[in-house]
Structure formats: C-alpha cells, structure tokens
Amino acid sequence: MAEEVKTEEKKEEKKIEIGKIISTILKVILGVVFLVLGVWAIVVWWKDLILVIKGCVGPFLILAGIITLAIAKE
C-alpha cells in the first residue's frame, strides 16, 4: 500500500515537472518573439526613433540640470 502511494506521488510530481517545462518553453518562445518584433520595429521605424531621441535631448538636459542644482544645494 505504501508503494502505491509513492507511485502516485511520483506520477503527480512528473506531471508538475512537465507542466513547468512546458511553461518555461512557452515563456522562452514568447521572449524570442518579442525580441524579433523589437528588432523589426527598430529597423522599420529607424528615422522615427532617431527623431524621438533628438526630441528627448532637451528635456533630458533640463532634468540633469535640475538634479545637479538639487545636489549642489545640499
């Protein structure tokens, strides 16, 4: 009887392990898909990306100046 319980527990553990493996594989596939889509988006919208980066330079410098003044004030 004890052997039957152990056998059932091992079967349940194997089911749980298989579920974890499948879950991990799906997450890896999803991550690869997101990476490919991200690279594709950068290639397709390169000019727009550069425009956004250029547009962010001014606010970034303002923020850096505010932080520098806050540090100097202390």
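Details of the structure are given in the entry above.
Below is a summary of the structure that appears in this document.

Cut-off values and rules
- Counting restarts for each chain: residues are numbered from 1 in the order of the written sequence.
- Restriction of local features to residues with pLDDT of at least 70 applies here, the model being predicted, together with a cutoff of 80 or more for giving and counting side-chain atom pairs; totals for whole chains, interfaces and linings are based on all residues.
- In computing side-chain properties, one takes all heavy atoms of the structure into account and sets aside hydrogens as well as water.
- Strands are runs of DSSP state E lasting at least two residues, helices are runs of H or I lasting at least four, and both sets are numbered from the N terminus onward.
- Burial classes follow relative accessibility: with a 1.4 Å probe on protein chains only, a residue under 20% of its type's maximum area counts as buried, one over 50% as exposed, and anything between as partly exposed.
- The Shrake-Rupley method, run with a 1.4 Å probe, gives the accessible areas here. Residue values count only the displayed protein chains as cover.
- Pairing of aromatic side chains here covers Phe, Tyr and the six-membered ring of Trp, requires ring centres within 6.5 Å, and sorts the geometry by plane angle: under 30 degrees stacked, over 60 edge-to-face, intermediate tilted.
- The span expected for a helix works out to 1.5 Å for each residue beyond the first.
- Axes are fitted to the seven residues ending at a residue and to the seven starting at it; the angle between these axes is taken as the bend at that residue.

### Quick notes on the overall build of the chain
Summing up its helical and strand segments, the chain has two helices and zero strands in all. Counting across all 74 residues of the chain, residues that qualify as buried make up 0%. A total accessible area of about 7,300 Å² is found for the chain, and carbon and sulfur atoms account for 74% of it.

### Overview of the packing of aromatic side chains
Scanning the entire structure with this criterion turns up one aromatic pair. Summarising the aromatic geometry, the rings of W40 and W45 are spaced 5.8 Å apart at their centres and angled 65° between planes, so their arrangement reads as edge-to-face. Residue W45 is classed as partly exposed on the basis of its relative accessible area of 45%.

### Topic: helix α2 (residues 46-73)
Taking 1.5 Å of rise per residue, 28 residues should cover 40 Å, and α2 covers 40 Å from first to last C-alpha, within 8% of that figure. For α2, the principal kink sits at V57 and spans about 30°; a proline, P59, occurs within the next four residues.

Keep in mind these numbers describe shape, not what the thing actually does.
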